[in-house]
Amino acid sequence: MRSVTYSMSVSLDGYIVGPDGDFAWTVPDPEVFRFWIDEIRDVGVHLMGRRLYETMLYWETADQDPWLDAPELEWTALWKPLPKVVFSTTLSAVQGNARLASGGPAEEIERLRAEPGEGDIAIGGATLAAEAAASGLIDEYRTVVYPVLVGGGIPYFPRAERRVDLELAETRTFGSGVVYLRYRVAR
């Protein structure tokens, strides 16, 4: 069965976006960007909310930018064909290899798990991840922790009403002080 992963960049105090909506502190250095390129290779479909979809829309046409370097072109070549499912009540259409979800995250994840396919089912965005977590559908939490305190904003971890035990699966420290933590949900 395909794993469901929730992966985002996060501040040390636990936020994916600061109180002012800023997330410029998550811009990866070349080493972290290479890590993200390698990570996306294992994704079979990416689920996201409207805000993340709109942020990532740049990559749908980025290959037309003459200023992109080789790693950015490599990321674009992997991102563009990747199937994406967008959860939104305000969008009426999406671009690229994306489609609007017809149901909630639990229904979509169960449907994707039942279909033949390879690669992880990746979730991006705290609100969407909170819904999947509430249904017990997340198999792994992957955090790329930046050495910054932003003091509030959108938290990485949803407010849980139940305990979730985790098993450390992998760690990695980058030269910039960024730390990657991968935890499996203990079942």
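Before reading on, note that the structure itself is shown above.
Cut-offs applied
Residues numbered from 1 in each chain as written. Predicted model: local features only at pLDDT ≥ 70, side-chain atom pairs only at ≥ 80, totals over all residues. Heavy atoms only, no water. Pairing = 2+ DSSP bridges. Helix = DSSP H or I, 4+ residues; strand = E, 2+ residues; numbered from the N terminus. Axes fitted to C-alpha atoms, helices over the stretch in contact; angles between N-to-C directions. Salt bridge = Lys/Arg side-chain N within 4 Å of Asp/Glu carboxyl O. Buried < 20%, exposed > 50% of the residue type's maximum accessible area, 1.4 Å probe, protein only. Parallel < 35°, antiparallel > 145°, perpendicular 65-115°, else oblique. Left-handed = near helix turned anticlockwise from the far one by under 90°. Contact = heavy atoms within 4.5 Å. Nonpolar A, V, L, I, M, F, W, Y, C, P; charged D, E, K, R; others polar. Arc of directions from axis to C-beta.

Trainee: Provide a residue-level description of the sheet that holds strand β9 (residues 166-173), including the pertinent values.
Mentor: The eight strands lie next to each other as β5-β4-β3-β6-β1-β7-β10-β9, forming an open sheet whose pairing is mixed. Two strands close off the open sheet at either side, each with one partner strand: β5 (98-100) and β9. On average, each strand axis in the sheet is tilted by 20° relative to the strand beside it, whichever way the strands run. When β9 meets strand β10 (residues 179-185), the two strands line up antiparallel, connected through seven bridges. From the neighbouring strand, R172 faces β10, where its bridge partner is Y180.

Trainee: Describe the pattern of salt bridges, with residues and values.
Mentor: Taken as a whole, this structure holds 19 salt bridges when the rule is applied. Measuring nitrogen to oxygen at the nearest pair gives 2.9 Å for the salt bridge that ties R182 to E140. Pair noted here: R182 is in strand β10 and E140 is in strand β7 (residues 140-146), with a separation of 42 residues, a long-range link. The same class applies to R182 and to E140, which are both buried. Taking the shortest distance from any N to any O, the salt bridge between R182 and E170 comes out at 3.0 Å. Here R182 is found in strand β10, whereas its partner E170 is found in strand β9, with twelve residues between them in sequence. Look at E170 and you get partly exposed, because its relative accessible area is 30%. Taken together, the shared-partner salt bridges connect E39, D120, E140, R142, E170, R182 and R184 into one network.

Trainee: Account for the pairing of strand β6 (residues 120-124), naming residues and giving values.
Mentor: The side chains of a regular strand alternate between both faces of the sheet. By the criterion of burial, β6 is predominantly enclosed, with five of the five residues buried. On β6, burial covers both faces: D120, A122 and G124 on one face and I121 and I123 on the other are all buried. Summarising the sheet, strand β1 (residues 4-11) and β6 pair through three bridges and their orientation is parallel. By the bridge assignment for β6, V4 is matched with I121. Strand direction decides the pairing type here: strand β3 (residues 43-49) and β6, joined by five bridges, are parallel. Each residue of the ladder has a partner; that of H46, found in β6, is A122.

Trainee: How would you explain the packing of helix α1 (residues 30-40) against helix α4 (residues 70-79) if you had to name every residue and give the values?
Mentor: Taken N-terminus to C-terminus, the directions of α1 and α4 make an angle of 20°; their axes are 10 Å apart at the nearest point. If you check the angle between α1 and α4, you find them roughly parallel. Where α1 crosses over α4, the handedness of that crossing is left-handed. Listed contacts from α4 to F33, R34, W36, I37 and I40 of α1 are P71, E72, E74, W75, L78 and W79. Grouping the constituent residues of the contact of α1 with α4 by class yields eight nonpolar, no polar and three charged.

Trainee: Go over helix α5 (residues 105-114) with me, naming the residues and quoting the values.
Mentor: Of the residues making up α5, those classed as buried are P105, E108, I109, L112 and R113. Down the axis of α5, the buried set is contained in an arc of 130°. They therefore lie on one face. In α5, those exposed residues whose orientation departs by more than 90 degrees from the buried face are E107 and A114.

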